[in-house]
Amino acid sequence: MISIRSIALSCVVVLGFFAACSDDSPNPGGTPDASVPDGSVPEMCTTEGTTQCGDTCVNTDTDPAHCGGCDQACMAIEDCRSGLCVAVCRIGGEQFLAGAVNAANACEVCAPATSAATWTPLADGASCGSGQLCSAGACSSQCLINGTFYPAGTPNPANACEVCTPATSTTTWSPREAIPLLVGGTDIAEQGWTAYSQAPNTLTYGADHVRLATSTNTGAQTSGQLLLAKTNALDPTQPFTLRVTMQVESVSGHNPLDSGAAILGGITGSVGNQAERSQMIYLDSAAIGWADDTQSSAFAVTDGAYHVYELAVNADKVATVSVDGVAKLTRNNFVTNGTIAIGDQTNDRNVDGVVRIKSVEKLCQ
């Protein structure tokens, strides 16, 4: 006889079997299926180049709050560039990296450590371009030598054969070939020259020259004189080379010790003494020579071109005159008082000349 208890237990077993058979879970072991969304975990970032930081997708290459990684924030004066915090300036609504130069002033740069909101001026003497330095916040071509600024072209106060040449050096004096004594097209008085003159004559300026012209009035016993002189142009105790770039438009034939177109390496007063006039260089239309007629050389002086005339005196007082690099005259015992002169040296009747002087230089030895 089957007891009621046995029947009850059997029913329980059967019910458990049916419950087990009706369970359609693919993972009866209880391990969660990763393919099934879990509402408790935010969806991962899917946009290329982004990283999930908290519940936000960010680009750690450019996000200043997550630069190079989550929660790696840049400072206020920094920006995120390629995952790195870099110092920047924010000026006038634009952003500049540290060291960037102000396009409107090469002597101002972005220096975030000094100011992240304004341009920072460079120190005096800082380079602001090739051959250029900053001074008082402005960029210009100059030199800074021994603590002093000198504009380009300024000669060394202690040696006129050295000059500030920023293209060569902004910190040291640069050697130069010659010392300019007269620059054509520029007022002669401002350059330290004196004009000895007698009418009729004219002194005019072109773009690159000064023009001297003299003439003789009809029936006059004297003519015009126009001679430019510069004192202390030479050191009388030292060798020198004087270079004159000049065009002789027209000239009368010279008289002994007088010339309508002349170069004097030494002169006293307005015409020179006899010794100075003896060693004066005359220029006739087809010849060049010493004014005492001891030596001359044929040359097409009035050919309409500029020529380079050089008077070189060595330590032995031997003088050589060259034209365009070709020696034409020599003489011994040349003397000078340091004053030079160029132009029409005489007021002799019908001894006149017209010359254009482009430059006068003393060559550096």
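1. Topic: the overall build of the chain
Summing up its helical and strand segments, the chain has two helices and 31 strands in all. Within the chain, buried positions represent 38% of all 365 residues. At a minimum sequence separation of 6, the contacts of the chain that also span at least 24 residues come to 51%. Entry remark: accessible area of the chain is about 19400 Å², with carbon and sulfur atoms responsible for 54%.

2. Focus on the nonpolar core
Residues Trp193, Met246, Tyr309, Leu311, Ile357 and Val360 are the most contacted members of the largest nonpolar core, which totals 39 residues. In terms of residues, this core owes the most to one element, strand β22 (residues 240-251), which gives six residues. Leave out the neighbours within four places in its chain, and Met246 touches Ile263, Leu283, Ala305, Tyr306, His307, Tyr309, Ile342, Val355, Arg356 and Ile357. Leu227, Met280, Ala291 and Ala341 belong to the second-largest nonpolar core, a separate cluster that totals eight residues.

3. Structural notes on the state of the cysteines
Counting across every chain of the model gives nine disulfides. Across the disulfide, Cys107 is cross-linked to Cys134 (sulfur-sulfur distance 2.0 Å). The chirality of the disulfide connecting Cys107 with Cys134 is left-handed, given an S-S dihedral of about -105°. Linking Cys107 in strand β7 (residues 105-111) with Cys134 in strand β10 (residues 132-135), this pair joins segments that are 27 residues apart in sequence. An identical accessibility class is assigned to Cys107 and Cys134; each is buried.

4. Digging into the confidence of the model for the chain
On average, residues of the chain score 89 in pLDDT, and 88% of them reach the 70 mark or higher. Below a pLDDT of 50 lies the segment residues 1-41, which in the model reaches two contacts outside its immediate sequence neighbourhood of four places, other chains included.

5. Section: the sheet that holds strand β11 (residues 138-140)
Taken in spatial order, the three strands make up an open sheet running β9-β10-β11, and their pairing is antiparallel. Two strands lie at the open edges of the sheet, namely β9 (127-129) and β11, each paired on one side alone. Averaged over all pairs of adjacent strands, the angle between their axes in this sheet comes to 40°, without regard to strand direction. Pairing geometry for β9 and β10, over two bridges, is antiparallel. Looking across to β10, one finds that Gly129 is bridged to Gln132.

6. Focus on the pattern of salt bridges
Counted according to the given criterion, the structure contains nine salt bridges. In this structure, the salt-bridge partner of Asp208 is Lys358, at a minimum N-O distance of 3.7 Å. Here Asp208 is found in the loop between β19 (201-205) and β20 (210-214), whereas its partner Lys358 is found in strand β31 (residues 353-363), with 150 residues between them in sequence. With a relative accessible area of 29%, Lys358 lands in the partly exposed category. A salt bridge links Asp292 to Arg331, with the shortest nitrogen-to-oxygen separation between them at 3.0 Å. With Asp292 in the loop between β25 (287-290) and β26 (296-298) and Arg331 in strand β29 (residues 326-331), this residue pair connects regions lying 39 residues apart in the sequence.

7. Comments concerning the packing of aromatic side chains
This model, assessed by the stated rule, comprises three aromatic pairs. Seen from their ring centres, Tyr150 and Trp173 are 4.8 Å apart, and the 55° between their planes marks the pair as tilted. Here Tyr150 is found in strand β13 (residues 148-151), whereas its partner Trp173 is found in the loop between β15 (159-163) and β16 (174-175), with 23 residues between them in sequence. Both residues of the pair, Tyr150 and Trp173, count as buried. Summarising the aromatic geometry, the rings of Phe240 and Phe334 are spaced 6.4 Å apart at their centres and angled 65° between planes, so their arrangement reads as edge-to-face. With a gap of 94 residues between them, Phe240 in strand β22 and Phe334 in the loop between β29 and β30 (340-344) connect regions that are remote in the sequence.

8. So, the sheet that holds β16
Taken in spatial order, the three strands make up an open sheet running β14-β15-β16, and their pairing is antiparallel. The open sheet has two edge strands with one neighbour each: β14 (155-156) and β16. Bridge count for β15 against β16 is two bridges, and the pairing is antiparallel. Residue pairing for β16: Glu162 is matched across the bridge by Pro175.

Cut-offs used in this document
- Throughout, residues of each chain are indexed from 1 in the direction in which the sequence is written.
- The model is predicted, so local features are restricted to residues of pLDDT at least 70 and side-chain atom pairs to those at 80 or more, both for listing and for counting; the totals for chains, interfaces and linings are taken over all residues.
- Only hydrogens and water are removed before side-chain values are computed, so all heavy atoms of the structure are retained for them.
- Numbering of helices and strands runs from the N terminus, with a helix taken as a DSSP run of H or I at least four residues long and a strand as a DSSP run of E at least two residues long.
- The rule is simple: take the accessible area with a 1.4 Å probe, protein chains only, and divide by the maximum for that residue type; under 20% is buried, over 50% is exposed, in between is partly exposed.
- Whether two residues are in contact is decided by their heavy atoms, any of which lying within 4.5 Å being enough.
- Accessible areas in this description were obtained via Shrake-Rupley with a 1.4 Å probe; residue shielding takes into account the shown protein chains only.
- Nonpolar cores were defined as sets of buried Ala, Val, Leu, Ile, Met, Phe, Trp, Tyr and Cys residues, with membership established by side-chain atoms within 4.5 Å.
- What counts as a disulfide here is a pair of cysteine sulfur atoms lying within 2.5 Å.
- Scored between 0 and 100, pLDDT is the confidence that the predictor attaches to each residue.
- When DSSP finds two or more bridges between two strands, those strands count as paired.
- Every angle, taken between N-to-C directions, lies between 0 and 180 degrees, and every axis is a line fitted to C-alpha atoms, over only the stretch in contact when it is a helix.
- Within this document, salt bridges are pairs made up of a side-chain nitrogen of Lys or Arg and a carboxyl oxygen of Asp or Glu, the two lying within 4 Å of each other.
- We call Phe, Tyr and Trp rings a pair once their centres come within 6.5 Å, taking the six-membered ring for Trp, and we label the pair stacked below 30 degrees between planes, edge-to-face above 60, and tilted otherwise.

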